[in-house]
Amino acid sequence: MGTRGIPVTIIAGFLGSGKTTLLNHLLGNRAGLRIGVIVNDFGSVNIDGMAVAGQVDSMRMLDNGCLCCAVDASGLDAMLDRLARPGAPIDAIVIEASGLAEPRAMIRMLLASGNPLIEYGGLVEVVDAAEFPATRQRHPELDTHIGLADLVVLNKTDRLTAGELADRHAAVARLAGDAAVLPVSHGSVPTELLFEPAERPVGTRVGEQLSLADLVADAAECAADEEHPHLHSMYQTMTYFAPDPLHPREFVRFATERPNGLYRMKGFVDFGSPGDRRKYSVQTVGAFLRFERSRWSPGEQRASQLVLIGAGLDEPAVRERLDSCRVAVHGAVDDQAMLPVHRYLRG
């Protein structure tokens, strides 16, 4: 699928929302990933049961293969360069923003970064479900922050009744627009929702590492196992296959005007352009879109295959939208139709 940059995911939210709890959950359930962490201070970040303390612009190598560092805003670019340097043993980077940070500025900084080894991994906004009305009154800018998010984590849902949760979920969903809204307790966001499995050399053994095929099969198994609920039940994984080409202009519209609840999408697409018969890998996080070009292997079936991950997805509606992108619906593809794809090409 080509080599993608190290995804940099921002975890934001006002004080007390549960950002650090979510971060500690991710570090304790890494699915074999080596995660670089950037925080404003180490204070309450607990890794492998060890309280970590440090100063601004310090870095620690951790026993579990992760790196943890603390920076102020002015040092963020430099720390990203250090974490993502060539040969660094990092699969993903998480930035835990301070409770008063402005997410829009952080998103702009990441999207404008000239570092070819990193890419935007999405904004995760953590919301305290129990205190949502009070937080919204105290911080009116919360509405804007939720609207910017690629994924909204509605945390501390264990403190609400079923009726209260339904009301809070509906209110947050209205502010979130197309973004996925995930209700959780104790920051228990599944690692597989935020990060894709790391690509490793053949023969490398990584504990609990899931391939894409494993992830799809595991999600199906969990859905069938009603007596043993799993974290996976909080999100959905669906696959899509089209044996005939997809129209590039319509597919880019689908990817940028995402269906409600879609958080990530990956796979490869056959656009069927007579002037460009290459294979296109696709990666999305929220509305962020990236294509990479490669070649079809000898004997490989030319088709489009996608894995879509989100929360609250209307799967029949998503399939219908993807089916409507087929060239058979819109007619032949020419060079002009490929221009929207070229806008999102990596490199």
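What counts, and where the lines are drawn
- Residues numbered from 1 in each chain as written.
- Predicted model: local features only at pLDDT ≥ 70, side-chain atom pairs only at ≥ 80, totals over all residues.
- Heavy atoms only, no water.
- UniProt positions renumbered as here; feature names shortened; annotations may be inferred.
- Pairing = 2+ DSSP bridges.
- Helix = DSSP H or I, 4+ residues; strand = E, 2+ residues; numbered from the N terminus.
- Axes fitted to C-alpha atoms, helices over the stretch in contact; angles between N-to-C directions.
- Contact = heavy atoms within 4.5 Å.
- Salt bridge = Lys/Arg side-chain N within 4 Å of Asp/Glu carboxyl O.
- Buried < 20%, exposed > 50% of the residue type's maximum accessible area, 1.4 Å probe, protein only.
- Phe/Tyr/Trp six-rings, centres within 6.5 Å; stacked < 30°, edge-to-face > 60°.
- Lys NZ or Arg CZ within 6 Å of the ring centre and 35° of its normal.

Recorded under Catalytic activity (unreviewed entry), the UniProt text for the chain is reproduced unchanged: "GTP + H2O = GDP + phosphate + H(+)".

Undergrad: Could you give an account of the sheet that holds strand β11 (residues 236-242), naming the residues involved and the relevant values?
TA: Consider a sheet: its strands pair through backbone hydrogen bonds, and that pairing is either parallel or antiparallel. Taken in spatial order, the five strands line up as β11-β15-β12-β13-β14 in an open sheet, and their pairing is antiparallel. Edge positions in the open sheet fall to β11 and β14 (288-294), since each of these has one partner strand only. Each strand axis lies, on average, 15° off the axis of its neighbour in the sheet, ignoring direction. As judged from the six bridges shared by strand β12 (residues 262-269) and strand β13 (residues 279-285), these two strands associate in the antiparallel manner. Across the sheet, Met265 pairs through a bridge with Thr284, a residue of β13. Helix α10 (residues 315-323) contacts β11 and β15 (304-310) of the sheet and is inclined by roughly 25° relative to β11.

Undergrad: Account for the pattern of salt bridges, with residues named and values stated.
TA: As enumerated under the stated definition, the model contains 11 salt bridges in all. Two residues, Asp91 and Arg34, come together in a salt bridge whose shortest N-O distance is 3.2 Å. Of this pair, Asp91 sits in the loop between α2 (76-83) and β7 (92-96) while Arg34 sits in the loop between α1 (19-28) and β2 (35-39); the two residues are 57 residues apart in sequence, bridging distant segments of the chain. Asp150 is the partner of Arg258 in a salt bridge, and the nearest nitrogen-oxygen pair spans 3.9 Å. Of this pair, Arg258 sits in the loop between α9 (248-256) and β12 while Asp150 is found in the loop between α5 (142-148) and β9 (151-155), placing the two residues 108 residues apart along the sequence. Among the residues examined, Arg258 registers a relative accessible area of 11% and is labelled buried. Owing to a relative accessible area of 5%, Asp150 belongs among the buried residues under this scheme.

Undergrad: Describe the packing of aromatic side chains, naming the residues involved and giving the relevant values.
TA: Using the criterion set out here, one finds eight aromatic pairs in the structure. Ring centres of Tyr280 and Phe291 lie 6.4 Å apart, and the angle between their planes is 85°; this geometry places the pair in the edge-to-face category. Of this pair, Tyr280 sits in strand β13 while Phe291 sits in strand β14, placing them 11 residues apart in sequence. The burial state of Tyr280 is the same as that of Phe291; both residues are buried. What links up through ring pairs into an aromatic cluster is the set Phe251, Phe254, Phe271, Tyr280 and Phe291. Of note, Lys279 hangs over the ring of Phe268, and the distance from its end group to the ring centre comes to 4.2 Å.

Undergrad: Which residues make up the side chain of Glu250, and what are the values?
TA: On the secondary structure map, Glu250 appears in helix α9. Since its relative accessible area comes to 18%, Glu250 is described here as buried. If sequence neighbours within four positions are ignored, Glu250 has contacts with Cys325 and His330.

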